[in-house]
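Chain by chain, the residues run as shown.
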Amino acid sequence: MLELKKRQVVQVTWTDSQDHADKWVDSADAEAFSDVDCTIVSVGLVVRKTDKYLTLAGDYDAVDDDYGRVTKIPAGMIQEVKELV
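Residues numbered from 1 in each chain as written. Predicted model: local features only at pLDDT ≥ 70, side-chain atom pairs only at ≥ 80, totals over all residues. Heavy atoms only, no water.

A.B. asks: Break down the nonpolar core for me, citing the residues and quoting the values.
C.D. replies: Generally speaking, nonpolar side chains in soluble globular proteins are found buried as a group. The biggest cluster of nonpolar side chains holds 10 residues, and these are Leu4, Val10, Val12, Trp14, Val46, Leu54, Leu56, Ile73, Ile78 and Val81. Per-element tally for this core: the top contributor is strand E1 (residues 9–15), with 3 residues. (Core = buried A, V, L, I, M, F, W, Y, C linked by side-chain atoms within 4.5 Å. Buried < 20%, exposed > 50% of the residue type's maximum accessible area, 1.4 Å probe, protein only. Helix = DSSP H or I, 4+ residues; strand = E, 2+ residues; numbered from the N terminus.)

Structure below.
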């Protein structure tokens, strides 16, 4: 993965977990659902990167040094990271 710096703007493509839309499904539908990926593209400011997680924020308050809309993405689910700025 790229060397990421705090507050760097990135686009992260990652695979998320997913619930089936129906409460109960038959075996064939459950098995077919297992083959469907839930690919997410998130854009944000890098808050922190560790071996386990990449944490992004959608907003940053420079006066109070606060973040908004913070998302922690497990490293094993990340497919690609692109630097945007």
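On we go from here.
A.B. asks: Give me unusual backbone geometry: which residues, what numbers.
C.D. replies: Phi is positive for aspartate 65, close to 55°, though the residue is something other than glycine. Structurally, aspartate 65 can be placed in the loop between strand E3 (53–61) and strand E4 (66–74). A relative accessible area of 44% places aspartate 65 in the partly exposed class. Positioned with a positive phi, arginine 69 is a non-glycine residue whose angle comes to about 55°. With respect to the element layout, arginine 69 can be found in strand E4. Under the relative-accessibility criterion, arginine 69 is labelled exposed at 62%.

A.B. asks: Report on the pairing of E3, specifying residues and quantitative values.
C.D. replies: Here strand E2 (residues 39–49) pairs with E3 via 4 bridges, running antiparallel. Looking across to E3, one finds that leucine 45 is bridged to alanine 57. Between the antiparallel neighbours E2 and E3 lie 3 residues. Looking at chain direction, E3 and E4 are connected through 8 bridges and run antiparallel. (Pairing = 2+ DSSP bridges.)

It is worth stressing that arrangement in space is one thing and function is another; only the former is reported here.
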